[in-house]
Amino acid sequence: MAITAVEAADSRPVLLGREKVERGIGIALLVGVTIWLIWNFIAGPVQFVNVALAGLRLGAIYALIALGYTLVYGIIELINFAHGDLFMLGSVFTSIVLVKWFGAGTGSLADWGLMLVTLVIVMAMCAGLNITSERVAYRRLRRAPKLAPLITAVGISFIFQWFGLLLNGSSQKSWPKVIPDGGLVLGPVTIDWSTIIVIVVTVPLLLILSYIVQRTRQGKAMRATAQDQDAARLMGINVDRTIAFTFALGGAMAGAAGLLYLETFGTTRYDAGFQLGLIAFTAAVLGGIGNLQGAVLGGVLIGLIQGFNDGLPYGFGQKWSQTVVFTILILLMVFKPEGILGKPTIEKV
Amino acid sequence: MTATESSPASTRPGEPMLSVDDIALYYGNIAAVKGLSMRVHKGEIVTLIGSNGAGKSTTLRAISGLIKPRAGSISFNGERLTGKQGHEIVKAGICQSPEGRRIFPRMTVSENLDLGAFLRNDKEGIAADRARVLELFPRLADRISQKAGTMSGGEQQMLAVARALMGSPQLLLLDEPSMGLAPVLVDLIFDTIETIRDQGTTVLVVEQNALAALRIADYAYVLESGSLKLEGPAAPMAEDDEIVRAYLGG
């Protein structure tokens, strides 16, 4: 049936007064931020590009962690509180495998190969740990009230932190990095080697993940299970295995984030997962929880926001970093509770 | 009591394909079905009828492995299904179009049909079945790349049945296929069920629309409050005024 112009006009949402005001405030905020960015760019274009690159690097790491939150939420509607700590274990595992076992960080060319091998090992270790936690702490609670697995997730978070404490000790440790300091000099701008490596590792991982979810049989099973578990069972999908596979994917991404974090900042802390996990979770919510592209977008946005706020001449400075991030989250939640790419929840009839 | 109750099994020769023996099904501590036994033979349309809340859907959920019987057993082609998981039962050859359709709303009609064939690897067989279900339900062919959740209730019902057929089941379980459909579509669905049987698939259909179900079924079981009240060949049951009045709301 052809839709006439009149029908199309009728179907346009009618804005109520209150919504008009809210939309006005939202647009005013966006305009304000844009002006602020342009103003900063004019004040110091080189500095602007440098902090944007640093923000992008951090954002890519957030994105990898955020994917783990959003994958698990998408399939079983669980906020996996232990996920940040899994990322922390990824960085600790990297320090053990890459530096202690392989002895990398001496500056030889072989280090790069060892780092790639370590990436695969750490991704596998974190995937395995995430599958184990699902098997032990969440699977039996799948039909329990939502609060029960949430609490066991907090428990797993403490167990992971204790594991990190055991492996890493209670103080922050510094490690030699494979990626050298300095970077690619392009006129006045320097792109850090670590930024390049983070992007070079993250982008293919995101492409592979997207391919798995969109194109493979396993991915199809994941999407079906996310929409309706019982219906998925009636299609012959092994729902338990599909959920375990989802945890494995999320865990692998957290492992990769752990390695990239260590190679960027060179330090490990047993409680690093709390703060980064919280910010990555915020990224997942910002982008629209359950939406994979949203998690990446949210991660990159928060990375950029922190980069700009911490490094721009007219920013609030690093001490306000968290405040700015969460203020933006609150503002977005007020105006668009489903997140940037999230779909409004429709009550099931 | 009635003639239909006397040794009904004698009218159905051969080994049953599906046999449900004395099962008890519970939701928490509430009994939904008690001591139900039933048989489905190859090539039959069997119907399980009864009022709302009689335990019909619960029985189908148990056959598909979505809930575990607390007592009794279910077997299919001599193989014990009790204790198997849902996906293993699909592999054994039983597909279900569940109550409330349960199509995947954010996927297209085409993707829904693909998921129906999730366990199959025979590309040609899948293509043939796809052509077959689109011939049975031409409306789905028109909507093939539309998101399933945006279709009308009747179209979603057709998709649910078509999706179950894509698994190429030996036994097709249909839960309330006429639910919420316009009368003209109800007739279409029941005609289609007969066609499906004629094409070689055995059918167990659960219905509240008892008379319509009895018209196409070979054999019927009547459930009331979780217990079997009556069983027998379907045609005489539909003509027995006393039965119709007592159990079928006629």
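Residues numbered from 1 in each chain as written. Chains lettered and ligands numbered in written order. Predicted model: local features only at pLDDT ≥ 70, side-chain atom pairs only at ≥ 80, totals over all residues. Heavy atoms only, no water.

Caption draft 1: Just the overall build of chain B, in detail. Counting its regular elements, chain B contains ten helices and ten strands. Taking 18 Å as the expected radius of gyration for a compact globule of 250 residues, we find that chain B reaches 18 Å, a close match to that expectation. Based on the C-alpha atoms only, the size of chain B along its principal axes is roughly 55 × 40 × 35 Å. With 250 residues in all, chain B has 54% of them scored as buried. Partitioning the intrachain contacts of chain B with sequence separation of at least 6 by distance along the chain shows that 68% fall at a separation of at least 24. Positive and negative side-chain charges of chain B, numbering 26 and 30 respectively, have mean locations separated by a distance of 8 Å. (Helix = DSSP H or I, 4+ residues; strand = E, 2+ residues; numbered from the N terminus. Rg over C-alpha atoms; globule rule 2.2 N^0.38 Å. Buried < 20%, exposed > 50% of the residue type's maximum accessible area, 1.4 Å probe, protein only. Contact = heavy atoms within 4.5 Å. Lys, Arg positive; Asp, Glu negative; His and termini not counted. Charge placed at Lys NZ, Arg CZ, Asp CG, Glu CD.)

Caption draft 2: Seen up close, the sheet that holds strand 3 (residues 45–49) of chain B. All names here are of chain B. A sheet is described by the order of its strands in space; here six strands give the open sequence 6-7-8-3-9-10, paired in mixed fashion. The open sheet has two edge strands, strand 6 (94–97) and strand 10 (227–233), and neither has a second partner. Averaged over all pairs of adjacent strands, the angle between strand axes in this sheet comes to 15°, irrespective of strand direction. Relative to strand 9 (residues 219–224), strand 3 runs parallel, the two being bridged by four bridges. The partner of leucine 48 across the bridge, within strand 9, is tyrosine 221. (Pairing = 2+ DSSP bridges. Axes fitted to C-alpha atoms, helices over the stretch in contact; angles between N-to-C directions.)

Caption draft 3: Looking closely at the confidence of the model for chain A. All names here are of chain A. Overall, the predicted model of chain A reaches an average pLDDT of 90, with 94% of residues at or above 70. When mean pLDDT is taken per element in chain A, helix 10 (residues 239–265) scores highest with 97 and helix 1 (residues 5–10) scores lowest with 48. Across residues 1–9, confidence stays below pLDDT 50; counting only partners more than four residues off in sequence or on other chains, it has two contacts. (pLDDT = per-residue confidence, 0-100.)

Caption draft 4: Region of the structure containing the interface of chain A and chain B. Between chain A and chain B, the contact holds 18 residues from the first and 21 residues from the second. For chain A, the biggest contributors to the area lost against chain B are Gln227, Leu234 and Met235 of chain A; these three give 37% of the whole. Across the contact surface, chain A and chain B share three salt bridges. Between glutamate 111 of chain B and arginine 223 of chain A there is a salt bridge, with its nearest N and O atoms 3.3 Å apart. Connecting chain A to chain B are six residue pairs in polar contact (both at pLDDT 80 or more). For the side of chain A that touches chain B, the secondary-structure elements that each account for two or more residues are helix 8 (217–227) and helix 9 (229–234) of chain A. At six residues, helix 8 of chain A tops the list of elements feeding residues into the side of chain A that touches chain B. A class-by-class count of the residues in the side of chain A that touches chain B yields seven nonpolar, three polar and eight charged. (Buried area = accessible area lost by both parts, 1.4 Å probe. Salt bridge = Lys/Arg side-chain N within 4 Å of Asp/Glu carboxyl O. Polar contact = N/O pair within 3.5 Å; in protein donor to acceptor, adjacent residues only side chain to side chain. Nonpolar A, V, L, I, M, F, W, Y, C, P; charged D, E, K, R; others polar.)

Caption draft 5: Representation of the nonpolar core in the model. Ranked by size, the top nonpolar core spans 87 residues in total, and within it Ile61, Leu64, Ile65, Phe87, Tyr138 and Ile237 of chain A together with Leu115 of chain B carry the most contacts. Core analysis: the next-biggest nonpolar cluster, separate from the first, contains 46 residues, Leu140, Leu159, Ala213 and Met237 of chain B among them. (Core = buried A, V, L, I, M, F, W, Y, C linked by side-chain atoms within 4.5 Å.)

Caption draft 6: View of the confidence of the model for chain B. When pLDDT is averaged along chain B, the result is 91, and 94% of the positions lie at 70 or above. With pLDDT under 50 throughout, residues 1–10 of chain B is counted as low confidence; its partners more than four residues away or in other chains account for 14 contacts.

Caption draft 7: Region of interest: the pattern of salt bridges. Residues and elements named next belong to chain A. For the structure on display, the rule yields 23 salt bridges over all chains. The partner of arginine 57 in a salt bridge is aspartate 192, and the shortest N-O contact between them spans 3.2 Å. Taken together, the positions of arginine 57 in helix 3 (residues 45–76) and aspartate 192 in strand 3 (residues 189–192) put the pair 135 residues apart, joining distant regions of the chain. We classify aspartate 192 as partly exposed; its relative accessible area is 30%. With its nearest N and O atoms 3.8 Å apart, the salt bridge here joins arginine 143 to aspartate 230. Taken together, the positions of arginine 143 in the loop between helix 5 (110–138) and helix 6 (147–168) and aspartate 230 in helix 9 put the pair 87 residues apart, joining distant regions of the chain. A relative accessible area of 10% places aspartate 230 in the buried class. Through salt bridges with shared partners, a single ionic network connects Glu134, Arg139, Arg142 and Asp240.

Caption draft 8: Seen up close, the sheet that holds strand 2 (residues 30–40) of chain B. Residues and elements named next belong to chain B. With respect to topology, four strands assemble into an open sheet ordered 2-1-4-5, the strand pairing being antiparallel. The open sheet has two free edges, formed respectively by strand 2 and strand 5 (79–80), since each of these has just one partner strand. Where helix 1 (residues 56–63) meets the sheet, it contacts strand 1 (18–27), strand 2 and strand 4 (71–76), and its direction lies at approximately 115° from that of strand 1.

Caption draft 9: Quick peek at a nonpolar patch on the surface. Taken together, the side chains of Val21, Ile25, Leu29 and Leu331 of chain A define a hydrophobic patch exposed on the protein surface, amounting to about 310 Å² of accessible area. Ranked by the residues each element gives to the nonpolar patch, the list is headed by helix 2 (residues 17–43) of chain A, at three residues. (Patch = residues over 30% accessible without salt bridge, like charges linked within 9 Å, V, L, I, M, F, W, Y side chains within 5 Å. Areas by Shrake-Rupley, 256 points an atom, 1.4 Å probe, with all protein chains shown as cover.)

Caption draft 10: Looking closely at helix 3 of chain A. With 32 residues, helix 3 of chain A extends 45 Å from end C-alpha to end C-alpha; this agrees with the ideal 46 Å at 1.5 Å per step. Just past helix 3 of chain A, the residue glutamate 77 of chain A takes up positive phi, approximately 55°. (Expected span 1.5 Å × (residues − 1).)

Caption draft 11: Fine view of the pairing of strand 3 of chain B. With respect to burial, strand 3 of chain B is a largely interior element, five of its five residues being buried. Along strand 3 of chain B, one buried face is formed by Ile45, Thr47 and Ile49 of chain B and the opposite face, lined by Val46 and Leu48 of chain B, is buried too.

Caption draft 12: Inspection of the packing of helix 3 (residues 109–116) of chain B against helix 6 (residues 153–165) of chain B at higher detail. Residues and elements named next belong to chain B. Put simply, helix 3 and helix 6 touch, their axes get as near as 7 Å, and they point 35° apart. Our pair here, helix 3 against helix 6, has a crossing hand that is right-handed. Of the residues in helix 6, those in contact with Val109, Asn112, Leu113 and Gly116 of helix 3 are Leu159, Ala162 and Arg163. Considering only residue class, the contact of helix 3 with helix 6 consists of four nonpolar, two polar and one charged. (Left-handed = near helix turned anticlockwise from the far one by under 90°.)

Caption draft 13: Seen up close, the environment of glutamate 207 of chain B. Residues and elements named next belong to chain B. Looking at the secondary structure, you find glutamate 207 in strand 8 (residues 202–207). With sequence-adjacent residues up to four places away left out, glutamate 207 is seen in contact with Leu48, Ile49, Gly50, Lys56, Glu176, Pro177, Ser178, Phe190 and Ala213. There is a polar contact of 3.0 Å between the side chain of glutamate 207 and the side chain of serine 178. Within the structure, glutamate 207 has its side chain in polar contact with the backbone nitrogen of asparagine 209 (distance 3.0 Å).

Caption draft 14: The arrangement of the packing of aromatic side chains in detail. Using the criterion set out here, one finds nine aromatic pairs over all chains in the structure. An aromatic cluster of at least three residues, connected via ring pairs, comprises Phe41, Phe48 and Phe308 of chain A. Seen from the ring of phenylalanine 118 of chain B, arginine 217 of chain A lies directly overhead, with NZ or CZ sitting 4.1 Å from the centre. Positioned above the aromatic ring of tyrosine 26 of chain B, the side-chain terminus of arginine 70 of chain B is 3.9 Å from the ring centre. (Phe/Tyr/Trp six-rings, centres within 6.5 Å; stacked < 30°, edge-to-face > 60°. Lys NZ or Arg CZ within 6 Å of the ring centre and 35° of its normal.)

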